[in-house]
Amino acid sequence: MRNFKNVVLLIILLANLMPLKNTHSQNRIYVHPVLGSDGGGNEGRNINTPIKTLHRAGQVCHGGDTIFIRGGQFTNFGDTFRQLDTLGLTPVWIMPYFNESVTLDGNGRFFQPYEAILNIEHSRNVIIQNLRVMNNNMGGAGIRVVSDSINATHNFITQDVIV
């Protein structure tokens, strides 16, 4: 009987040490606000066929995915990320593609006080890093978060505020 208890305890211990497996594979989603396309069922899974908006990225991403924004300075920028798959515990990453610089520039847009250059809404477990957000001089914010468990780190925000 004692051996049986030890075996059961060992099984429980091993089960708790095993990492939780994400039901979705960890994918890369590519976004290019100028050259991308949100039409035709494009999910941005190929670097040569990026999607255009973070809004579309939110529709196709799952926990563990990385959303790569291709390099460039994107003026008159305003976009909203809404993650449809919010059940996973694995974060979604939003960042520039490797060694590329991304500037989201609100110059030329008028923002209402509840708007921002980059809006993160109704999402969970999102990490935003290494973006430059600038020129939201007309109200609103650089990055606006209306969500839970959002981590914005190593971003450079000028002439803006984070709310």
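Residues numbered from 1 in each chain as written. Predicted model: local features only at pLDDT ≥ 70, side-chain atom pairs only at ≥ 80, totals over all residues. Heavy atoms only, no water.

1. Description of the pattern of salt bridges
Oppositely charged side chains can pair when the atoms bearing their charge come close.
Part 1 of the argument: Using the criterion set out here, one finds five salt bridges in the structure.
Part 2 of the argument: Here the residues in one salt-bridge network are Glu 43, Arg 45 and Asp 65, joined through shared partners. (Salt bridge = Lys/Arg side-chain N within 4 Å of Asp/Glu carboxyl O.)

2. Let's talk about the packing of aromatic side chains
Part 1 of the argument: The final tally for this structure, using the stated rule, is five aromatic pairs.
Part 2 of the argument: Ring geometry for Tyr 30 against Tyr 97: centres 5.9 Å apart, planes inclined by 65°, an arrangement best described as edge-to-face. Taken as a pair, Tyr 30 in strand S1 (residues 28-31) and Tyr 97 in the loop between strand S5 (92-96) and strand S6 (102-105) lie far apart in primary sequence, 67 residues in all.
Part 3 of the argument: With a relative accessible area of 18%, Tyr 97 lands in the buried category.
Part 4 of the argument: Between Phe 68 and Phe 98 the ring centres are 5.0 Å apart and the planes differ by 45°, which places this aromatic pair in the tilted class. (Phe/Tyr/Trp six-rings, centres within 6.5 Å; stacked < 30°, edge-to-face > 60°. Helix = DSSP H or I, 4+ residues; strand = E, 2+ residues; numbered from the N terminus. Buried < 20%, exposed > 50% of the residue type's maximum accessible area, 1.4 Å probe, protein only.)

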